[in-house]
Amino acid sequence: MTAQIASRSRLEHFPIAFFAMVMGLTGLTIGWEKAQVILGLEWPLADGLLVFAATVFVLLATLYLGKLLLRRAAVLQELRHPIKLNFFPTISIGLLLLAAAFLDRQPSVSFALWGAGASLHLALTLYIMNVWIHREHFQVHHMNPAWFIPVVGNALVPIAGVGLGFVEVSWFFFSIGMLFWIVLLSIIFNRVLFHHPIEERLMPTLFILIAPPSVGFVAYMQLVEGLDSFARVLYFSALFLTLLLFTQAPRFLRLSFSLTWWAYSFPLAAFSIASLVMFERTGVDFYRYLGVGMLTLLSGIVLWLLAATGVAVLKGRVCLPDQ
Amino acid sequence: MSMTNRPARSRTLFAIGYLLLTFCAGLLLVYRVDHGRGTDAEPARFPEPARPEIVEPMAKVTVPPAAASRKDGGSVASDPFGEMQRRLQRLEDEMASLRRQQTASFEREHALILEELTSIAKAHQDRLNRARALLRETKDNQARLDADLAFLQARYTEEGLRVSVSEAELEAGPAGGVSERIARLADVLAHNPRLRLSLRGRVDGAGSASGDPVALEAAARGLRDRLVAQGGEADRIELETLGEGRPNAGDSVSEGRARGVSVDVYFISP
């Protein structure tokens, strides 16, 4: 009985941020798939990763659905939370990334995932922006890089959308992503430079800054034929932000593990894929080495994160009230 | 540096080392892939930029040739050169097939165009032959008309082309038929369907009994009857009476008196 109550209590505090795992794992899958194609490798790695990412997504979705059914108030509380709110689009982003991963394997599955992901993401973006506009109690310290998550998701839509034939819809989402990336980037720098430092456990979310230009670059390459000036601006912005954040590595590594560490994974996957796409477009070997190097680095980080998450779950350090 | 910071510092250094190691593993992987393949590696390494999608619509997400061959069940990693050769052979076969199709299509088009041009040329030749025949016929008609008019001793007057038929010719011809000039006049009328004749009786000299207009009209009608009997159409022959005292423009008065009543035939062109 006590165990059942404890289990229900943990379900109540099952955080929406868990879905960031799916983003990282699916990003890693897509990255390895592209790398295998470029390197001409016949490893079953990408297929295995896809199965694992899809399984994790189904598992997390089931748990969160259970939370929605059994602890509706807790879900609503997360929806009203100024920071946790921004993690809800990780669900739709997970769907969009899975759609991209399934695109060449099962186009019909990809279409279903993409349709569900794009629709859900549009609804969540509208809801979150409404909250941003109409909530009165937002303060500067509530602003953190997690606010980029809804924005990044919009830029992800063209990656599978163009392949599925929805070019205009893809442009629509891409435009939203690029517009609000610039807006939020200004706000986040204002907050970082002139206000209180970002809360320690949210520090890894700074890596999300890499995601919009990286994802934007990959999406833009789907939408246009050639590598133009705007594409280069996007890629090199991503490269600079990656360099900037890697110079902060010792600070990040001193932090204690929390679920927000999964925020390292997807932006690095996005930058790795962007570098491989840059190689495809230019033929410059530097991008291939950089892309594959970032991918193996990300693989190491994901292994670490999986191990740390497993240990945290086993030791009961996740699904706690203060997360 | 305190003792408590040492584990944290070690942990950070370990983490940095781990990250560097994983990054370098990627660089090493690329290096090994490149150098493990020898010279055959180059084509598979760099998929052509902005390659048009020819595999399938769903391959819009850039799928380099290596990926396409992977879907076909080929083994790029094990035999990239062989795979490239097979793809090249397939492409050459496709090009040869396309060339054959284009040649056949061109030949079909060529035959159609030739047939059409022949038809047009034949139509033109027919029209030309018809025009030539018409011209020849017109010339023949003109020559015959000229001969007929010469035989009929036609004269150009202010009132038009005129042929005079004398009283003697009106009365009888050889063997009880019509005179040769009247027969020739009927022949001209038959060969020129648009030609009309106007017959006008005329008194050759003053004091003649035939100065009666009734007699003049009877002479003209007599000529018309003869022409109709020779095959002329009555509605193309008009009768006109001028009355007495009008001299024959071409003959002298003495001749006219001597010859009595005659009929002037005027040619009316349409």
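Bear in mind that the values here come from a model prediction, so they are computed numbers and not experimental data.

Peer 1: Can you explain the overall build of chain B? Please cite residues and give values.
Peer 2: Assigned secondary structure in chain B consists of 8 helices and 5 strands. Of the regular secondary structure in chain B, the N- to C-terminal order runs α-α-α-α-β-β-α-α-β-α-β-α-β. Pairs at least 24 apart in sequence give 71% of the contacts found in chain B among residues at least 6 apart.

Peer 1: Hey, could you go over the environment of B:Glu217 for me, with residue numbers and the actual values?
Peer 2: Structurally, B:Glu217 is set in helix α7 (residues 213-229). Its relative accessible area of 31% is what places B:Glu217 among the partly exposed residues.

Peer 1: Tell me about the packing of helix α2 (residues 20-39) of chain A against helix α5 (residues 89-102) of chain A, and name the residues and values.
Peer 2: Residues and elements named next belong to chain A. At a minimum axis separation of 9 Å, α2 and α5 run at an interaxial angle of 20°. Put simply, α2 runs roughly parallel to α5. Handedness of the α2/α5 crossing: left-handed. In contact with Ala20, Val22, Met23, Thr26, Ile30 and Glu33 of α2, α5 contributes Thr90, Ile93, Gly94, Leu97, Leu98, Ala100 and Ala101. Classifying every residue of the contact of α2 with α5 by side-chain character gives 9 nonpolar, 3 polar and 1 charged.

Peer 1: Describe the packing of helix α6 (residues 107-134) of chain A against helix α8 (residues 167-194) of chain A, naming the residues involved and giving the relevant values.
Peer 2: When two helices pack together, their arrangement is given by the angle between the helix axes and by the axis-to-axis distance. Residue and element names in this part refer to chain A. As a packed pair, α6 and α8 sit with axes 12 Å apart at the nearest point and diverge in direction by 35°. Read as a crossing pair, α6 and α8 show a hand that is left-handed. The residues of α8 that touch α6, namely those facing Trp114, Ala118, Leu122, Met129 and Trp132, are Val169, Phe172, Phe173, Phe180 and Leu184.

Peer 1: Can you explain a nonpolar patch on the surface? Please cite residues and give values.
Peer 2: Residue and element names in this part refer to chain A. A surface patch of nonpolar side chains, about 590 Å² in accessible area, is lined by Phe189, Val192, Leu193, Phe194, Phe240 and Leu244. Sort the elements by how many residues they give to the nonpolar patch and α8 lands first, with 4 residues. Its place among the elements puts Val192 in helix α8.

Peer 1: Please provide a residue-by-residue account of unusual backbone geometry, values included.
Peer 2: Phi is positive for B:Gln153, which is not a glycine, with a value near 55°. Looking at the element boundaries, B:Gln153 is found in the loop between α4 (80-151) and β1 (155-157).

Peer 1: Go over the confidence of the model for chain B with me, naming the residues and quoting the values.
Peer 2: All names here are of chain B. With 70% of its residues at a pLDDT of at least 70, chain B reaches an overall mean of 75. In the model, residues 39-45 has pLDDT below 50 throughout and makes 13 contacts with residues more than four positions away in sequence or in other chains. Across residues 206-210, where pLDDT falls below 50, the model places 7 contacts with residues more than four positions away in sequence or in other chains.

Peer 1: Explain the packing of aromatic side chains to me, using residue names and the numbers behind them.
Peer 2: Residue and element names in this part refer to chain A. In this structure the tally under the stated criterion is 24 aromatic pairs over all chains. Seen in terms of ring centroids, Phe14 and Tyr64 are 6.2 Å apart; in terms of plane orientation they differ by 50°. Their pairing is tilted. On the criterion of sequence distance, the pair formed by Phe14 in the loop between α1 (2-12) and α2 and Tyr64 in helix α3 (residues 45-70) is long-range, its members being 50 residues apart. There is no split in this pair, since Phe14 and Tyr64 are both buried. Taking the centre distance of 4.7 Å and the plane angle of 20° together, the rings of Trp114 and Phe166 count as stacked. Highlighted residues: Trp114 in helix α6 and Phe166 in the loop between α7 (148-161) and α8, separated in sequence by 52 residues. Through pairs of rings, three or more aromatic residues link up here, namely Phe14, Phe18, Phe19, Phe57, Tyr64 and Phe88.

Peer 1: Before we move on, could you go through α8(A) and cite the residues and values that matter?
Peer 2: Residues and elements named next belong to chain A. Here α8 spans 40 Å end to end across 28 residues, near enough to the 40 Å set by a 1.5 Å rise per residue. Residues Ser170, Phe173, Phe174, Ile176, Gly177, Met178, Trp181, Leu184, Leu185, Ile188 and Arg191 constitute the buried set of α8. On its buried face, α8 sits against α6, α7, α9 (211-223) and α10 (229-246).

Peer 1: Which residues make up the pairing of strand β2 (residues 160-165) of chain B, and what values do they have?
Peer 2: Remember that side chains alternate between the two faces of the sheet whenever the strand is regular. Residue and element names in this part refer to chain B. Where burial is concerned, most of β2 is hidden: 6 out of the 6 residues are buried. Summarising the sheet, β1 and β2 pair through 3 bridges and their orientation is antiparallel. From the neighbouring strand, Tyr156 faces β2, where its bridge partner is Leu161. A loop of 2 residues connects β1 with β2, the two strands running antiparallel in sequence.

Peer 1: Explain the pattern of salt bridges to me, and be specific about the residues and the numbers.
Peer 2: A side chain with one charge can pair with a side chain of the opposite charge if their charged atoms come near. Per the stated rule, a full pass over the model turns up 15 salt bridges over all chains. One salt bridge in this structure joins B:Asp34 and A:Arg288, with 2.5 Å as the shortest N-O distance. On the criterion of chain membership, the pair formed by B:Asp34 in helix α1 (residues 5-37) and A:Arg288 in helix α13 (residues 285-314) is interchain, its members lying in two chains. In this pair, the class of B:Asp34 matches that of A:Arg288, namely buried. Measuring nitrogen to oxygen at the nearest pair gives 3.5 Å for the salt bridge that ties B:Arg200 to B:Glu240. Of this pair, B:Arg200 sits in strand β3 (residues 196-203) while B:Glu240 sits in strand β4 (residues 237-241), and the two are 40 residues apart along the sequence. B:Arg200 sits in the buried class, given a relative accessible area of 6%. Looking at B:Glu240, the relative accessible area reads 29%, which means it is partly exposed. Beyond isolated ion pairs, a larger network of salt bridges with shared partners links A:Glu33, A:Asp47 and A:Arg105.

Peer 1: So what's going on with the nonpolar core? Residues and values would help.
Peer 2: Membership of the largest hydrophobic core comes to 133 residues, with the highest contact counts inside it found for A:Phe148, A:Leu156, A:Phe217, A:Tyr235 and A:Phe266. Residues contacting A:Tyr235, with those up to four places away along its chain left out, are A:Phe217, A:Phe271, A:Ala274, A:Ser275, A:Met278, A:Tyr287 and A:Leu290. In this structure, B:Leu145, B:Leu170, B:Leu185 and B:Leu216 belong to the second largest nonpolar core, which totals 27 residues.

Peer 1: I'd like to hear about α13(A), residue by residue, with values.
Peer 2: The end-to-end C-alpha distance of α13(A), which contains 30 residues, comes to 43 Å, matching closely the 44 Å that a straight helix rising 1.5 Å per residue would cover. Of the residues one or two after α13(A), A:Gly316 is the one with positive phi, at around 70°.

Peer 1: Describe the environment of A:Tyr289, and please don't skip the residues or the numbers.
Peer 2: As for its placement among the helices and strands, A:Tyr289 is situated in helix α13. On the basis of relative accessible area, A:Tyr289 is assigned to the partly exposed category, the value being 22%. Distance from A:Tyr289 to A:Ser272, taken between C-alpha atoms, is 9.9 Å for residues 17 residues apart in sequence. Among all residues touching A:Tyr289, those that are not within four sequence positions of it are B:Leu27, B:Val30, B:Tyr31 and B:Asp34.

Peer 1: Run through the side chain of B:Thr22, naming residues and quoting values.
Peer 2: Within the secondary structure layout, B:Thr22 lies in helix α1. Taking the relative accessible area as the measure of exposure, B:Thr22 reaches 11% and is therefore buried. Contacts of B:Thr22, omitting those with residues within four sequence positions, involve A:Gly293, A:Thr296, A:Leu297 and A:Gly300.

Reading the values: rules and limits
- Residues numbered from 1 in each chain as written.
- Chains lettered and ligands numbered in written order.
- Predicted model: local features only at pLDDT ≥ 70, side-chain atom pairs only at ≥ 80, totals over all residues.
- Heavy atoms only, no water.
- Helix = DSSP H or I, 4+ residues; strand = E, 2+ residues; numbered from the N terminus.
- Contact = heavy atoms within 4.5 Å.
- Buried < 20%, exposed > 50% of the residue type's maximum accessible area, 1.4 Å probe, protein only.
- Axes fitted to C-alpha atoms, helices over the stretch in contact; angles between N-to-C directions.
- Parallel < 35°, antiparallel > 145°, perpendicular 65-115°, else oblique.
- Left-handed = near helix turned anticlockwise from the far one by under 90°.
- Nonpolar A, V, L, I, M, F, W, Y, C, P; charged D, E, K, R; others polar.
- Patch = residues over 30% accessible without salt bridge, like charges linked within 9 Å, V, L, I, M, F, W, Y side chains within 5 Å.
- Areas by Shrake-Rupley, 256 points an atom, 1.4 Å probe, with all protein chains shown as cover.
- Salt bridge = Lys/Arg side-chain N within 4 Å of Asp/Glu carboxyl O.
- pLDDT = per-residue confidence, 0-100.
- Phe/Tyr/Trp six-rings, centres within 6.5 Å; stacked < 30°, edge-to-face > 60°.
- Expected span 1.5 Å × (residues − 1).
- Pairing = 2+ DSSP bridges.
- Core = buried A, V, L, I, M, F, W, Y, C linked by side-chain atoms within 4.5 Å.

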